[in-house]
Structure formats: C-alpha cells, structure tokens
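# Per-entry structural report
Each chain, letter by letter, is given below.
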Amino acid sequence: MAATMTMNTSLLDDDVCPVCQTDRYLNPQMKLKVGPCFHKMCENCIERLFAHGPAPCPTCRQTLRKATFSEQTFEDLSVEKEVRIRRQMSSKFNKRREDFKSLKEYNDYLEKVEDLTFKLVNEIDVETTKQEIDKFAAENRDLIRINADRLLNESRMATHRQEMLRKERQQHREAYLKELEAEQLAKSEDRKNLIQELATSDKSAKTILAARQAISLKKTSMRKTEVKLTTASSAGSTPMFSDSYRWMQQNDDMDRRQQEEEDDQANDNFDPVQSQYMEVDLGVGYVNSVNNNKAHAGGLVYPLLTSSIGVKDLYVEPLGVGNLSQMAKAGGYRNAFGYERAIEDAHTALYLPGL
Amino acid sequence: MLFHIDDLPVYFPYDRIYPEQYAYMCSLKQTLDAQGHGVLEMPSGTGKTVSLLSLIISYQQHYPEKRKLIYCSRTVPEIEKALAELKRLVEYRKSCGLNETILGLGLTSRRNLCLHPSVSKEKKGKVVDARCHNLTAPWVREAAQAGQDIETCSFYEELERGDVREIVPDAIYTLDDIKELGKAKKTCPYYMARRLLSHANVIIYSYHYMLDPKIADLISKELSKESIVVFDEAHNIDNVCIDSLSLDIMRPTLEASSKSIAQLSERIEHMKQQGSEKLKNEYEKLVQGLQDTLAARDEESIMANPALPDDLLHEAVPGNIRKAEHFVAFLKRFNEYLKTRLRVLNVTAETPSSFLRHLKEITFIERKPLQFCAERLSLLTRTLELNNLDDLASLQKVAALATLVATYDKGFMLVLEPYESENATVPNPILRFACLDAAIAIKPIFERFSSVIITSGTLSPLDMYPKILDFKATVQESYPMTLTRNCFLPMVITRGSDQVAISSKFEVRNDPAVVRNFGNILIEFGKVVPDGIVAFFPSYLYMESIIAMWHEMGILTEAWKTKLIFVETPDSAETSIALDNYRRACENGRGAILLAVARGKVSEGIDFDHHYGRAVVMFGIPYQYTESRILKARLEFLRDEHRVRENDFLTFDALRHAAQCLGRVLRGKTDYGLMVFADRRYARQDKRSKLPKWINQYITDTSVNLSTDMGIAIAKKFLRSMAQPLETQAQLGVSLWTLDDVLARQKAQKEKLERVGGVHQQLQQQYGSTEAQRLMQDRASGKVYMDVD
C-alpha cells in the first residue's frame with residue numbers, strides 16, 4: 001500500500017532518461033518506467049517508440065510492448081529484477097512446513113528454491129534451471145494449487161483480522177471518550193448542584209461541603225471497583241473479535257472459485273462471517289462450520305461439494321429441525337415448499353461451470 | 001554501628017543513622033526474605049545508597065546462600081559514588097573484626113577502562129570498541145600466533161596467559177582501582193572486570209548492561225537466579241526500557257548499510273575465489289542447527305543482538321539464508337524495501353504484522369528468516385573475519401530492526417515521519433520502530449531474578465510502576481522525611497503580584513502578563529535568596545521564547561542587578577561550561593541563576609547542594625509534547641493493556657519530572673532550600689497527590705495558593721530562620737538516631753507487638769476466636785478507641 005504512494009521527485013532527482021536524455025529539470029513531470037529487460041525509459045519515449053505495437057528496446061534490442069512497462073518500486077534495478085523473478089517462483093514453489101515430515105527437509109527445500117532463484121537472478125545455467133523448475137511444477141501441480149488456495153484464504157483472513165482489530169481499537173477509543181465525557185458531565189452537574197444547595201439551603205456551608213466530600217469519595221471508590229470489575233470480566237469473556245476468529249480458523253480453507261462466483265454476485269465487501277465456505281482440506285471442523293453457518297444462512301443449509309479431492313457426504317435437513325421448521329412455517333409456507341426449494345437450489349448448482 | 005534487624009546483624013559504617021534509613025532497611029529485608037520485588041521511595045539526600053549496600057552486604061554475608069548483589073545505576077559518576085561507598089563499608093566491616101572475602105567491582109565501557117596506548121586516546125566509545133575488537137578478535141590472535149605480522153593488544157594477551165582469579169585478589173575495586181591494577185599487572189582492565197563478573201559478590205554497573213537485551217545477553221547472562229538486583233535512581237526506568245528496544249532508521253543509515261552489504265558480498269566472493277574452507281564450515285554448522293554455533297559464541301562476539309526467544313535458539317536457521325550469498329541478497333532486498341518505504345511522503349503508522357504483510361507482498365520475505373537476521377549477520381561477520389565493525393553499525397541496526405519486527409507482535413509500532421518538524425518543507429524521512437510497552441525489556445529480569453528492587457527519590461505514585469512494568473511488588477513503601485527543623489519549604493505560587501493567574505498551559509503560555517509574572521518571580525527571588533537559584537522550564541522551546549520575551553521586557557536586566565544568569569542548552573559541552581561558571585559564581589558569593597530544562601541534563605544527576613542551590617523554581621508543569629505520534633500510540637497502548645488513563649499517565653510523568661527537578665535542591669538534612677512550584681495547576685489536589693510523600697508532607701494549606709508577594713514574604717521568614725546555626729545535638733533522637741535510639745525503638749516496637757498479641761489473647765478468652773479477630777480488626781481500623789487494659 002505504501003509503496004504505491006511513493007514519490008519519485010525528492011530522491012530520484014538526478015534521473016535522466018537514457019533514451020532522450022531529458023532530465024527532471026526540463027520535464028518536471030517525467031516518469032521513468034522499467035521494461036522486462038530492466039532498462040529505464042521515460043513515459044514520453046515509451047509512447048513514441050511503442051506507439052505502433054511491439055518494438056525493440058533501444059539498449060538491448062529485445063522486443064518489448066508498451067503494456068509490459070511498469071513503474072519502478074526499488075531504486076536498485078537488480079532488486080527489481082530479483083523481486084519479479086521471485087514473484088514467478090513463489091507462484092510455483094509454495095510448499096509449506098506442513099508438507100514436510102521434518103524441519104530439516106523443509107529447510108533443505110527452502111535452500112534448493114533459493115539456489116534456483118539465485119541462479120535465475122544471476123543468469124547462471126538459465127536453461128537447465130528453467131527445466132528444473134518446470135519439472136518441479138509438473139510434479140507438484142495439485143499441491144501447488146491447494147497451497148495457492150490456502151495462501152489466498154490466509155491473506156484474506158489476515159486482512160479481515162486487521163480490519164476487525166482496527167474496528168475493535170476504534171470501539172475502545174470511542175468507549176473511552178464517552179466515559180470521559182460522562183465523567184465530565186457528572187462533575188459539572190455536581191458542581192451546579194453544590195452551588196444550588198449552598199445558595200438555597202440554610203445548613204451551614206461546612207456541613208454541606210463535608211457531606212459532598214463523603215459522597216464524592218464513595219463515588220470514586222465505586223468507580224475504581226467498577227474499573228476492576230470490567231477488567232476482570234473483559235479478561236474472562238472473549239470479545240467479539242476472538243469469537244469470530246475461532247470460527248474462522250476452522251474455516252481457514254476455502255475454494256478460490258467459490259469466492260470468484262461470489263464476486264460475480266457483486267459481493268464486494270468480503271466478510272467471512274457472512275459468506276459460505278467450501279472445504280479444501282478434509283480437516284476437522286466441517287460439521288462445526290456448517291452448524292455455525294446455519295445461524296447466518298437463515299436455516300437453509302446446503303450440502304457443500306468439496307474440491308477435486310473428494311466429496312463430503314453430508315445431508316442436512318433443508319428446513320432444519322424443531323423450532324426452525326416452525327419458524328419457516330410461520331410465513332405461511334407449507335413444509336413441502338422448503339423441500340422444493342432445496343431441490344431447486346441443488347439443481348441450479350448443476351448449471352454452474354464445472355468445478 | 002552494629003544493630004540487629006530481626007536476627008540479622010547489620011553493620012552500618014556511621015555512628016548515627018536516620019530513622020528513614022532504618023525503616024528503609026527493614027522493608028528491604030522483608031523484600032529479600034520474601035524473595036519478591038520491591039518499590040521503595042526514599043527522599044533524596046538521606047543516604048539511600050549506603051543503607052542499601054550495608055543491609056544487602058550484611059544479608060549476603062550472614063546467610064549461607066550468599067546471594068549476589070547487582071547494583072545498577074544510571075551514570076558513571078553515580079556508579080563511582082556507589083563504589084566508593086561500598087569500599088568504605090567493607091573497610092568498616094573489616095575494622096569490626098569480620099573476617100570475610102568480598103569481591104566487588106564496577107564495570108563500565110572500554111572507553112573508560114582501556115589502557116592500550118593508542119586505542120585509549122580515541123574519544124568515541126564505538127571507535128574504541130571497534131579498535132579493541134580489531135586487536136583482540138580470535139582470528140587476529142591466531143594469525144599473530146602463527147607468526148604473521150599483525151598487531152595485537154599486549155594487555156589482552158597478558159590476561160589470556162593467566163587465570164583472572166589469580167591476578168585479582170578479593171577486594172573492592174572502584175573503576176580507578178581496577179585500572180590501576182591493570183596498569184600494575186599489565187593486563188586489560190575491561191576484560192578482567194568482565195571475566196570477574198561471575199565470581200564477584202557485588203557488581204555495580206549501568207542499567208544498560210541489565211536492561212538492553214542486546215548487551216545484557218553478552219554481559220549478564222551468567223548471573224545466578226538468586227541474585228539481588230537493585231535499580232537505583234529508577235524513576236526513569238520505563239523510558240530506559242523503551243529506548244533499549246526502539247530504533248530509528250533514516251536515509252543515511254540505509255545508504256551506509258547498502259555499502260556494507262556490497263562490502264560483504266565482495267568479501268564473500270574474495271573468500272570463495274581463495275577457496276577458503278571457512279564459508280563451507282559455517283554452512284555445515286548451520287545445517288546442523290543454530291544451537292551448536294551459539295555454544296561457540298563467547299565474549300569476543302561484540303556484535304550485539306536483540307533478544308531471540310529461547311525456543312527459537314533451538315531451531316535451525318531457515319534454509320533460505322543458510323548460504324552466505326543468499327543471506328546477503330536477502331539483506332539487500334530488505335534494505336531496498338526500507339528505502340522504498342522512506343520515500344513515502346505521508347505519515348503512516350502501522351503494526352509490525354501489517355508491516356510484515358506488506359513486506360511479504362512486495363519482496364517475498366517471510367517472517368522466519370527475518371527473525372534470524374541479526375543472529376545470522378553476526379555469524380557471517382565472524383566467519384568473514386571482518387574488522388572495523390563500526391563500519392557495519394548501520395547494517396547491524398537494519399538487521400536488529402528485522403529481528404525485532406519479526407519477533408514482537410504486540411507492544412510495538414512503526415511510525416514513518418517524512419518531515420522533521422511540522423512546518424518543514426524539505427523531507428527528511430525517519431522510520432521509527434517504537435516500543436510502546438516498557439514491560440517487554442524488563443520482563444526477563446523480573447522473571448529471572450527472585451528479588452528486584454526499584455528505588456529512587458521520586459517514585460510517586462507508587463502503584464504506577466508495577467502497572468506499567470507489569471510486575472507484582474511484595475513491598476511498596478514511601479518514606480517521609482524526619483526533620484528537626486523544616487529545612488525545605490515547598491510553596492505553590494498560583495498568581496503574580498497583580499493577581500493574574502500563571503500557568504504554562506498552551507493557551508496562555510505566551511501571554512505577556514503570564515511571562516511577566518514568571519519574570520517577576522525570578523527577579524523577586526533573586527533579591528531575597530542568597531547564592532544559587534535554579535529555574536526549570538518545561539521545554540527548550542518554551543525557555544527560548546520566554547527568555548526572548550524577558551529580554552524585551554527588561555526583566556533580564558533587572559535580574560542581572562542581583563545575580564549572574566546562565567542557560568542550559570541542548571549541547572552538553574556548552575552546558576557543562578555554563579554549570580562550571582555557575583558554580584564559580586556561587587562559590588565566590590556573587591550568586592547566580594541557572595535557567596534549565598526539565599528532562600534535560602541538569603535535571604538528572606546534577607546536585608545543587610548547599611549554596612549551589614538555595615531555591616529551585618519550576619515554571620509551569622513539564623508535560624510531554626502530546627502531539628507526538630509515538631506518545632499517542634503509547635498512551636493508547638497503556639490505556640488498552642494496562643488500564644492507565646491517558647491523563648493519569650501524562651500527569652504522573654510530568655510530576656515525576658517536576659519532583660525530580662525540585663528534589664535537586666536538597667541533598668542531606670543539614671542543607672536547606674526553597675521549592676517553588678509556579679503554576680496555578682499545582683494547587684489542585686490531583687496534581688499534588690502525585691508528588692512524593694516527603695515533599696507533600698511539608699506542603700501546608702497556607703502555602704498552596706500564594707501570589708508572588710506573599711511567597712516572597714514567607715521565603716524571607718524561612719531563610720532568616722534557616723540562617724541560624726544548627727546543632728547536631730538538637731537532631732539526636734528525632735531525625736538522627738544513635739545506637740541507643742535504635743535499640744529503644746526496637747524495644748518499643750516489640751512491646752507494642754506483645755501488647756497487641758496480649759490483647760488478642762485476652763479478647764479470645766472473653767469472646768472466642770472469630771469474634772476476637774473481628775474486634776482486633778476494628779481496633780486496627782480505628783473504629784474502637786477504648787483500650788482493654
């Protein structure tokens with residue numbers, strides 16, 4: 001997020017476009033971009049050279065297109081290149097610690113990946129390295145895909161978590177401010193009352209003040225115990241965030257395609273609590289998650305297909321049982337209607353593109 | 001004198017003792033007996049250090065465990081003072097006929113201890129460290145032994161030849177003593193002291209050797225769990241903790257570390273071409289695991305690392321930074337990433353976890369290898385046999401940031417500030433990695449050592465420290481001051497002679513009326529107070545603007561008529577010259593005014609005893625700059641985690657600094673001085689209640705709401721009475737006890753205890769046990785006044 005907001009003027013002041021020799025003095029709006037061959041060029045030059053489609057790079061003669069140019073993130077072009085290579089590598093080499101039996105094997109794997117990357121970056125045995133990479137990718141195709149899904153899920157989860165934390169912080173802050181305000185108000189009210197009392201009552205000022213003091217002392221001690229109580233209770237009970245968080249962990253894996261479908265339905269505010277999940281991993285917590293879903297999906301629970309690994313056979317009463325069915329009937333529907341709808345829903349899934 | 005507390009014989013090196021010293025020792029013993037932590041506040045200038053040392057040494061020598069004493073203080077002069085005190089104490093114990101061997105010593109930096117003819121000439125501590133390393137690194141010495149022509153340090157070589165314990169007999173060594181000993185034996189005093197640490201009974205050194213995880217790991221690792229740790233002058237301990245884990249990264253830092261990275265990779269290439277086995281060996285070791293390599297770590301590794309959690313040490317270094325060239329590329333990527341961050345021109349604040357996520361998105365750096373960064377770097381530098389480590393300082397900083405940001409999730413914050421000040425237009429970006437939680441750095445100490453004592457002259461309100469440092473104190477005590485004559489007079493001036501309220505509140509602080517009234521206080525007190533006056537301001541900025549205004553108003557010319565004026569500046573050399581001249585002016589009777597800043601150098605650790613300070617004026621309340629983003633983040637953290645309210649913390653912080661400034665005036669009971677609080681807000685109960693008990697006890701109702709002229713009248717009266725000769729005899733029994741007084745006191749206490757016990761028994765006979773208990777409670781809480789007998 002931050003890197004996209006970077007500003008090039010201050011630190012890349014002395015930049016000169018290697019093609020047209022324009023510098024920032026002549027063209028303050030000059031923007032340098034980098035092509036796939038890692039040669040810099042200003043935007044004007046790119047416009048000029050690649051206006052009629054692909055053309056060779058003026059420096060290295062490699063054929064380039066306009067669309068392949070992008071803004072420079074790093075000052076050091078070698079790092080820029082390395083990062084691009086790493087991006088490609090990471091899409092293939094995404095095994096995790098869990099995929100290995102021992103830590104040592106995992107570390108060996110990490111080192112191998114690093115070796116391959118290093119070779120690509122420094123252009124040593126590029127051909128054999130590429131072959132090796134392709135071989136690896138072909139061998140582990142399934143695992144790569146699953147891990148990619150997992151990664152995606154995790155990153156969404158992290159975003160969500162961050163958002164929740166932010167919200168929680170804000171709530172804390174607001175609560176605190178409110179508390180302060182209330183206190184201030186009570187204080188001024190107290191003062192007003194005191195003056196009122198002093199003005200109107202015929203008791204001596206001393207006794208009134210003494211009585212006030214006793215009351216205010218009591219109040220402060222009460223507030224203190226209150227604070228203690230709230231600390232204790234907040235330590236004991238789980239706040240809203242951690243509750244949903246536990247549930248999310250159970251649903252940690254979700255199929256990417258499922259999400260894409262949802263995106264089609266213009267579901268742009270992602271919220272894992274509301275959306276439905278498909279299981280990638282046949283881990284624990286499936287039944288649990290379904291039960292949880294029930295609360296959100298209004299009683300209609302769909303037996304979910306799992307990904308290519310296998311099918312989880314689970315039948316759930318479409319209208320739920322007990323009071324739920326009563327709830328469904330309350331709208332004036334017959335029981336049969338619920339079943340009909342469930343069947344209909346099941347059939348709609350058939351017209352979706354195959355998994 | 002020798003007296004007993006319970007069954008413990010305490011040797012006290014003076015004939016007389018202050019009552020608060022005795023009470024202090026009693027609480028201290030309680031804390032040690034309970035093996036718990038303590039927070040003790042004792043007025044400044046009442047012999048805190050000597051009471052601490054004499055009780056703990058007596059305790060140590062009396063009981064068979066011989067618990068080691070680790071005494072941490074703030075500055076080198078304070079360490080030397082404590083060492084001198086310790087020496088006197090041990091001599092006194094010897095003269096009492098005790099036959100014991102006590103080894104006590106102080107440790108300070110190489111810069112202060114080095115004997116090497118050319119290295120010791122260096123002025124900067126870092127340079128001395130690096131040059132020392134160049135002469136004493138294992139590979140340098142190996143090469144020299146193999147006959148190559150390489151310079152080594154003869155003092156260190158001498159130390160290596162013999163056993164330290166044989167060179168150094170048991171005694172107390174001040175910093176000078178150990179240097180002398182080193183000279184006599186031609187041995188390196190610094191390493192001598194460091195190797196003796198594990199044998200010594202008493203260690204006196206700076207906070208940082210204990211608190212800074214980077215150094216503590218090196219120096220204080222082997223100290224036993226039973227040790228008694230004392231932090232003296234600990235009122236600022238939370239800031240020390242926070243500073244030790246915070247880092248600032250700026251553009252030049254990154255440039256320098258880029259250079260260092262290039263050097264590293266060059267060096268690796270060079271080594272590879274030579275076909276050296278060393279890189280390969282290192283790699284082999286890393287494949288086996290980090291722990292074995294750590295075992296090889298010894299005192300020579302002066303590359304400091306921030307704390308790695310223990311469970312990580314048992315793990316292997318991640319595979320992708322095992323090879324040297326991979327690691328260097330890794331560092332380069334991280335460094336470049338930081339550079340891109342510094343190019344951002346808006347203020348950002350983020351948590352470590354969001355920083356890590358973004359880092360991963362951009363550069364594909366995972367958390368795990370990042371965590372090992374600092375450790376791996378120090379290994380690499382050793383393998384590469386690099387000299388001139390001070391060149392690597394920036395890179396070390398970057399690596400430390402990497403490790404910290406990946407290790408700690410909570411209690412930290414990254415703040416990027418593109419401009420130095422609010423209205424600057426030239427960007428000078430700075431990335432601050434700020435620790436918000438003081439408890440993180442000090443936690444290992446509370447967990448590891450059974451007794452940790454935190455003590456100072458100003459620790460009020462006492463319950464704040466356990467809260468912000470997150471520990472449980474078994475003993476929490478603040479001692480009042482017993483005085484035969486009221487030798488200091490605190491007063492709160494709330495308005496000037498013209499009845500305009502004075503305050504350093506932001507809205508009115510530059511109001512000419514307020515500034516003039518502040519000035520009038522200075523002029524008037526300059527007329528009535530003899531010798532030195534010290535005046536403190538909340539900040540440099542405010543002081544500058546006020547002095548400028550005073551100059552225009554002619555207040556300075558007026559004040560010059562009675563006293564010379566000196567001003568503290570942020571530059572420490574300038575300030576020490578000003579201080580010297582201030583002292584000269586006070587000594588020759590001319591008298592002087594020193595204008596200083598709370599939280600500045602003058603307010604910490606410089607005493608204005610006797611004629612150096614007869615009055616201290618605190619203009620305004622020294623609140624922190626509340627717009628600072630890091631402070632805001634810290635306040636929020638304290639509120640959420642420790643339930644400390646923002647205002648409570650700010651007031652607490654301001655008043656501890658105010659008390660610290662005003663406490664400078666009084667260094668002992670024969671001293672006297674005025675303490676002037678010049679701000680309307682000090683009159684409020686919530687402010688005053690946060691002052692230390694010993695100051696608060698002398699603030700009377702008549703002196704809390706004064707105008708300048710009233711204050712002057714009271715001050716005149718006070719100074720006249722103080723100018724009368726003081727006889728020691730008058731103090732005896734009240735504020736100064738002889739041995740007889742101590743014994744009488746103990747006897748009285750015992751009797752009282754017995755009487756209470758007796759009453760309890762009597763009640764038990766009458767009413768049965770539960771009822772008796774209730775009655776006793778009533779009596780204790782003062783509900784029942786009648787006496788049974």
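Quantities reported herein were computed from a predicted structural model and do not represent experimental measurements.

This brings us to the overall build of chain B. Across its full length, chain B carries 36 helices and 21 strands. Here the C-alpha atoms of chain B give a radius of gyration of 29 Å, agreeing with the 28 Å that 2.2 N^0.38 yields for 789 residues. With respect to the principal axes defined by its C-alpha atoms, chain B has extents near 90 × 70 × 60 Å. Looking at chain B residue by residue over its 789 residues, the buried ones come to 57%. Excluding contacts between residues fewer than 6 apart, the proportion of contacts in chain B whose partners are at least 24 apart in sequence is 79%. Roughly 32600 Å² of accessible area belongs to chain B as shown, and the carbon and sulfur atoms make up 49% of that amount.

Glancing now at helix α23 (residues 438–448) of chain B. Side chains three or four residues apart in an α-helix point the same way, a direct result of the helix having 3.6 residues per turn. Every buried residue of α23 of chain B is listed here: Ala-438, Ala-439, Ile-440, Ala-441, Ile-442, Ile-445 and Phe-446 of chain B. N-capping of α23 of chain B is provided by Asp-437 of chain B, with a side-chain oxygen placed 3.0 Å from the backbone N of Ala-439 of chain B.

Here the structure, examined in full by the defined rule, presents 66 salt bridges over all chains. For the salt bridge of Lys-104 of chain A with Asp-108 of chain A, the shortest nitrogen-to-oxygen distance reads 3.6 Å. On the criterion of helical spacing, the pair formed by Lys-104 of chain A and Asp-108 of chain A is a turn pair, its members being four residues apart in helix α3 (residues 103–121). Since its relative accessible area comes to 33%, Asp-108 of chain A is described here as partly exposed. Connected via shared salt-bridge partners are Lys-104, Asp-108, Glu-111 and Asp-115 of chain A together with Arg-322 and Lys-323 of chain B.

So, on to the nonpolar core. Residue and element names in this part refer to chain B. Counting residues in each nonpolar core, the largest one holds 126 residues, and the members touching the most others are Tyr-205, Phe-231, Phe-334 and Leu-370. Ignoring anything within four residues of it in the chain, the contact list for Leu-370 reads Phe-330, Phe-334, Leu-356, Leu-359, Ile-365, Ala-402, Thr-403, Val-405 and Ala-406. Membership of the second largest hydrophobic core comes to 82 residues, among which are Leu-489, Ile-533, Ala-535 and Ala-654.

The next point concerns the pairing of strand β12 (residues 430–435) of chain B. On any regular strand, side chains alternate: one points to one face of the sheet, the next to the other face. Residue and element names in this part refer to chain B. For β12, a buried count of five out of six residues is recorded, marking the element as mostly surrounded by other parts of the structure. Sheet topology places strand β9 (residues 247–250) next to β12; four bridges connect them, and they run antiparallel. Counted as the bridge partner of Met-250 is Ile-430 from β12. The pairing of strand β11 (residues 412–417) with β12 spans six bridges and is classified as antiparallel. In the sheet register, Val-415 faces β12, and the bridge partner there is Arg-432.

Once that is clear, we can look at the interface of chain A and chain B. Taken together, the contact pairs 46 residues of chain A with 44 residues of chain B. In this structure, the connection of chain A to chain B is made through twelve salt bridges. Here Glu-82 of chain A makes a salt bridge to Arg-333 of chain B, at a shortest N to O gap of 3.2 Å. At the surface where chain A touches chain B, the tally comes to 17 residue pairs in polar contact (both at pLDDT 80 or more).

Summed over the entire model, instances satisfying the criterion amount to 31 aromatic pairs over all chains. Clustering of aromatic rings is evident, with ring pairs tying together Phe-93, Phe-100, Tyr-106, Tyr-109 and Phe-136 of chain A. The side chain of Arg-639 of chain B reaches across the aromatic face of Tyr-176 of chain A, ending 4.5 Å from its centre. One residue, Lys-669 of chain B, lies across the ring of Tyr-18 of chain B, its end atom 3.9 Å from the ring centre.

With that out of the way, let us pick up unusual backbone geometry. The omega torsion of the bond from Ser-460 of chain B to Pro-461 of chain B falls at -10°, within 30 degrees of zero and hence cis. Note that Pro-461 of chain B resides in the loop between β13 (451–456) and α24 (464–469). Even without being a glycine, Glu-123 of chain A presents a positive backbone phi close to 55°. Of note, Glu-123 of chain A is situated in the loop between α3 and α4 (126–139).

Conventions we followed
Residues numbered from 1 in each chain as written. Chains lettered and ligands numbered in written order. Predicted model: local features only at pLDDT ≥ 70, side-chain atom pairs only at ≥ 80, totals over all residues. Heavy atoms only, no water. Helix = DSSP H or I, 4+ residues; strand = E, 2+ residues; numbered from the N terminus. Rg over C-alpha atoms; globule rule 2.2 N^0.38 Å. Buried < 20%, exposed > 50% of the residue type's maximum accessible area, 1.4 Å probe, protein only. Contact = heavy atoms within 4.5 Å. Areas by Shrake-Rupley, 256 points an atom, 1.4 Å probe, with all protein chains shown as cover. Polar contact = N/O pair within 3.5 Å; in protein donor to acceptor, adjacent residues only side chain to side chain. Salt bridge = Lys/Arg side-chain N within 4 Å of Asp/Glu carboxyl O. Core = buried A, V, L, I, M, F, W, Y, C linked by side-chain atoms within 4.5 Å. Pairing = 2+ DSSP bridges. Phe/Tyr/Trp six-rings, centres within 6.5 Å; stacked < 30°, edge-to-face > 60°. Lys NZ or Arg CZ within 6 Å of the ring centre and 35° of its normal.

Read these as spatial facts, not as claims about activity.
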